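Examining the three-dimensional arrangement
Below are the chains, spelled out letter by letter.
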Amino acid sequence: MSTVAHAPHPEHTHQHGAGCGHVAVPHDDHVDYAHDGHLHRVHGDHVDECEVEGHAAHDGHAHQHGEGCGHVAVPHGDHVDYVHDGHRHADHGGHWDDH
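Residues numbered from 1 in each chain as written. Predicted model: local features only at pLDDT ≥ 70, side-chain atom pairs only at ≥ 80, totals over all residues. Heavy atoms only, no water.

Here we take up the side chain of Asp 32. Here Asp 32 is to be found in strand β2 (residues 30-35). At a separation of 3.0 Å, a polar atom in the side chain of Asp 32 contacts the side chain of His 30. (Helix = DSSP H or I, 4+ residues; strand = E, 2+ residues; numbered from the N terminus. Polar contact = N/O pair within 3.5 Å; in protein donor to acceptor, adjacent residues only side chain to side chain.)

This is how it looks when you write it as structure tokens:
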């Protein structure tokens, strides 16, 4: 399991959950919601931006993600993550990272 930073997203009034209109992305022991170019997770009485700490390379990942690859594309900051095998993959310098 990756380490997730606690990064509250202040003044977020939208309630994320089933049917809220945002892409739901399973992530470790919770669900993230793609919203405004970043990922939110419900945390108690507020919403956090879900960002993993550190670098987690996904070794041995031969599949090449991209347009039409068959996996859900999630805009995330300045790049696109792809939902695959219960986590997000991001292109990083010739390999894939787990996000």
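Let us look at the environment of Val 72. Along the chain, Val 72 falls in the loop between β4 (46-49) and β5 (73-76). In sequence terms Val 72 and Tyr 82 are ten residues apart; their C-alpha atoms lie 5.6 Å from each other.

Another point: the pairing of strand β8 (residues 95-98). Of the pairings in the sheet, the one linking strand β7 (residues 87-92) to β8 comprises four bridges and is antiparallel in character. Following the sheet pairing, Asp 91 is matched in β8 by Trp 96. From the end of β7 to the start of β8, which pair antiparallel, there are two residues, and Gly 93 there has a positive phi angle of about 55 degrees. (Pairing = 2+ DSSP bridges.)

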